[in-house]
Amino acid sequence: MANTFLTVQEIARAALPILHENLVFPALSYKEFCSGMGKKGDVVQIKKPAVYSAKEFTSQIDVQDVKENSVLVTLDKIADVSVELTAKEMALNLEDFTRQVVTPAAVAIAEKINADGLALYRDIPYTCGAAGEVPSGIATFASVAKALNDNKAPLTERYCVWDSEALASFQADSAIVSADKSGSTKALRNGSIGRLIGLENYMSQQVYEHKKGTLTGAMTVSSSAFAGDKQIRIDCTSGTLVKGDILKIGGKNYVVTENATASGSVISAKIYPAVASGGISAKTAVELVDDHTANLAFHKNAFGFVSRPLEKARGAESYVTSFDGISLRVTFDYDISTKKQTMSVDTLYGFTTLYPELAVRVLG
């Protein structure tokens, strides 16, 4: 007989703090949440954080408009963990049930959400470090800070998310280990590894390894590209480009925004940012950055995380709870034909890149 105190409400309220504590990327991003119910595929409009320019005051102020630019975000992700429960699990008290069932489910959902957020590295063309070389030394943090400074990122709320190899490298460096790691009086989240040179640093096992496309041959710009162009043609032998590939052309970085395949020894690549004033001349050399670990450094407003509560499941015992921009649903269902009790834990969300210039891909 099931423990009568083991309700979906209690389980949901136990699971949400565990999920919240294990989220790294959403906690470091601009968050938008409302209590209105949502479903997968919904498109919501959120306001981007305003950006202003400081002006030199002479004799009269230069009034700037409050630009409430908006961006559409698709709630295209549902992270779900569903488990079959036996009479043994259902007979546990809440503490034991949380330890054996709820915590692993919440951590798995957090890992998926973190991974989905870190996948936004594919939108970032700005880099520092070298492909294939593990970041090391305190100079790494200085180069990251410089890259953000060069792109005029605000000096506060700057974060880095490193993979485990980078973390091990930093932990072996006495100059880094002995640096001030307090950073904040707030309780540290899982993954926090301290503050250095104005950067709050975290480790995540979900940092991506980028595998470049298969483009081969002596790569050059096929025909001149002009200011504002978002696509360039490249002479090559054969092969592909994949979203997230970085092209170095004329001393500038461009990120490939869509997969492409060469045809007739030419490939058309959609890129960001658009070609700058002055354009790109035909026959300019093109370099495709090699495979690399996509560590990320960014200001909070670079990326957006959007969440909406899911509706309670109809025809089943279901409960929805929310806190600090994240919502969680727990549903119990019983299939009489198989005599199985199932618990489903899920959450609805979406990510977007708001300001790519406020982020840097730290190659490793």
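Residues numbered from 1 in each chain as written. Predicted model: local features only at pLDDT ≥ 70, side-chain atom pairs only at ≥ 80, totals over all residues. Heavy atoms only, no water.

1. Observations regarding the overall build of the chain
Quick note on the threshold: Secondary structure elements are taken from DSSP: a helix is a run of H or I of four residues or more, a strand is a run of E of two residues or more, and numbering for both begins at the N terminus. Throughout, a residue-residue contact means that at least one pair of heavy atoms, one from each residue, lies within 4.5 Å. Each accessible area value is a Shrake-Rupley result obtained with a 1.4 Å probe; residue values ignore everything except the protein chains displayed when judging cover.
Each helix and strand in the chain was counted, giving 6 helices and 23 strands. Across the chain, every contact between residues at least 6 apart in sequence was considered, and the portion connecting residues at least 24 apart equals 76%. Carbon together with sulfur atoms contributes 51% to the accessible area of the chain, which is approximately 17,900 Å² in total.

2. Digging into a negative patch on the surface
What counts, and what does not: Patch construction takes residues with relative accessible area above 30% that form no salt bridge. Like charges are linked within 9 Å, and nonpolar side chains (Val, Leu, Ile, Met, Phe, Trp, Tyr) are linked within 5 Å. For salt bridges, the criterion is a side-chain nitrogen of Lys or Arg within 4 Å of an Asp or Glu carboxyl oxygen. Asp and Glu are treated as the negative residues and Lys and Arg as the positive ones, with His and the ends of the chain left uncounted. Here the site of a charge means NZ on Lys, CZ on Arg, CG on Asp, or CD on Glu. Three labels apply to residues, based on accessible area from a 1.4 Å probe with only protein chains included: buried if under 20% of the type maximum, exposed if over 50%, partly exposed otherwise in between.
Taken together, the side chains of Glu165, Glu209, Asp290 and Asp291 present a region of like negative charge at the surface. With respect to the secondary-structure elements, Asp290 resides in the loop between strand S17 (286–288) and strand S18 (292–299). Classification of Asp290 by relative accessible area gives partly exposed; the value is 44%.

3. Comments concerning the side chain of Arg158
Inspection of the secondary structure puts Arg158 in strand S6 (residues 158–162). One buried charge, Arg158, has no salt-bridge partner; the nearest side chain with opposite charge is Asp150, at 8.9 Å. Apart from residues no more than four positions distant in its own chain, Arg158 is found in contact with Ala145, Leu148, Asn149, Ala153, Gly198, Leu199, Glu200, Phe298 and His299.

4. So, the packing of helix H1 (residues 8–22) against helix H3 (residues 94–118)
Our working definition: Each axis is a line fitted through C-alpha atoms, and for a helix only the stretch in contact is used; angles between axes span 0 to 180 degrees, taken between their N-to-C directions. An angle below 35 degrees is treated as roughly parallel, one above 145 as roughly antiparallel, one from 65 to 115 as roughly perpendicular, and anything else as oblique. A crossing counts as left-handed when the near helix is turned anticlockwise from the far one by less than a right angle, and as right-handed when that turn is clockwise. Gly is put with the polar residues, along with every residue not named as nonpolar or charged; the nonpolar set is Ala, Val, Leu, Ile, Met, Phe, Trp, Tyr, Cys and Pro, and the charged set is Asp, Glu, Lys and Arg.
At their nearest, the axes of H1 and H3 sit 8 Å apart, and the two run at 45° to each other. In terms of their interaxial angle, H1 and H3 are classed as oblique. Crossing hand, H1 versus H3: right-handed. Contacts between H1 and H3 involve Glu10, Ile11, Ala14, Ala15, Ile18, Leu19 and Asn22 from the former and Leu94, Phe97, Thr98, Val102, Thr103, Ala106, Val107, Ile109, Ala110, Ile113 and Asn114 from the latter. Tallied by class, the residues present in the contact of H1 with H3 amount to 13 nonpolar, 4 polar and 1 charged.

5. Observations concerning the pattern of salt bridges
Overall, the coordinates contain 12 salt bridges when judged by the stated rule. Note that Asp324 and Lys31 form a salt bridge whose closest N and O atoms lie 3.4 Å from each other. In this pair, Asp324 is assigned in the loop between strand S20 (317–323) and strand S21 (326–335) and Lys31 in strand S1 (residues 30–33), connecting sequence segments 293 residues apart. Lys300 is paired through a salt bridge with Glu157; the nearest N and O atoms lie 3.9 Å apart. Separated by 143 residues along the polypeptide, Lys300 in the loop between S18 and strand S19 (303–308) and Glu157 in the loop between helix H4 (138–150) and S6 bring together distant segments of the chain.

6. Details of the sheet that holds strand S16 (residues 266–272)
Where we set the bar: Strand pairing is assigned whenever DSSP detects at least two bridges linking the two strands.
Pairing within the open sheet is antiparallel, and its 6 strands lie in the order S10-S11-S16-S14-S13-S17. Of all the strands in the sheet, just strand S10 (220–221) and S17 have a single pairing partner and so form its edges.

7. Here's the deal with the confidence of the model for the chain
Rules: Confidence scores labelled pLDDT are given residue by residue by the predictor and lie between 0 and 100.
Taken over all residues, the pLDDT of the chain has a mean of 88, while the share at 70 or more is 89%. Mean pLDDT in the chain bottoms out at helix H6 (residues 174–177), which sits at 72, and peaks at strand S9 (residues 209–210), which reaches 98. This model gives residues 180–190 a pLDDT under 50, and the stretch forms 17 contacts once residues within four places in sequence are excluded.

8. Quick look at empty space enclosed by the protein
What counts is decided by this rule: Each cavity reported here is a set of points on a 1 Å grid over the protein atoms alone in which a 1.4 Å probe fits but cannot get out, each pocket an open set with protein on both sides within 12 Å along at least five of seven lines, and each lining residue one with an atom within 4 Å of a point. Grid points are joined across faces, edges and corners, and a volume is the space filled by probe spheres set on the points.
For the coordinates displayed, the defined rule picks out 1 cavity of 30 Å³ or more. Computed from the structure, the largest cavity encloses a volume of approximately 50 Å³. Forming the walls of the largest cavity are 10 residues, and the residues nearest its centre are His20, Leu23, Pro26, Lys31 and Asp324. By residue class, the composition of the lining of the largest cavity is 5 nonpolar, 2 polar and 3 charged.

9. Details of the pairing of strand S8 (residues 199–203)
Most of S8 is tucked away: 5 of the 5 residues are buried. Side chains of S8 alternate between two faces, with Leu199, Asn201 and Met203 and Glu200 and Tyr202 buried alike. Here S6 runs beside S8; their pairing, made up of 4 bridges, is parallel. Following the sheet pairing, Cys160 is matched in S8 by Asn201.

10. Section: H4
The criterion, for reference: Expected helix span is given by 1.5 Å per residue-to-residue step, counting one fewer step than there are residues. By definition, the arc is the one covered by directions from the helix axis to the C-beta atoms.
Its 13 residues give H4 an end-to-end C-alpha distance of 19 Å, which sits within 8% of 18 Å, the value for a rise of 1.5 Å per residue. Turning to H4, its buried residues number three or more, namely Thr140, Phe141, Val144, Ala145, Ala147 and Leu148. Relative to the axis of H4, the buried residues are bounded by an arc of 160° and lie together on one face. At the C-terminal side of H4, Lys152 shows a positive phi close to 60°.

11. A look at the packing of aromatic side chains
In plain terms, the rule: Only the six-membered ring of Trp is used, alongside the rings of Phe and Tyr, when aromatic pairs are assigned; centres must lie within 6.5 Å, and planes under 30 degrees apart are stacked while those over 60 apart are edge-to-face, with the rest tilted.
The tally for this structure, following the rule as stated, stands at 13 aromatic pairs. Both rings, one in Phe25 and one in Phe303, keep their centres 5.3 Å apart while their planes meet at 50°; by these two values the pair is tilted. One end of the pair, Phe25, is in the loop between H1 and S1; the other, Phe303, is in strand S19, and 278 residues separate them in sequence. Of the residues examined, Phe303 reaches a relative accessible area of 0% and is grouped as buried. Their ring planes at 50° and their centres at 5.0 Å tell us that Phe305 and Phe351 sit as a pair that is tilted. Remark: Phe351 occurs in strand S22 (residues 340–353) and Phe305 occurs in strand S19; sequence separation between them is 46 residues. Classification of Phe305 by relative accessible area gives buried; the value is 1%. Taking the relative accessible area as the measure of exposure, Phe351 reaches 14% and is therefore buried. Connected via pairs of aromatic rings, a cluster forms that spans Phe25, Tyr159, Tyr202, Phe298, Phe303, Phe305, Tyr349 and Phe351.

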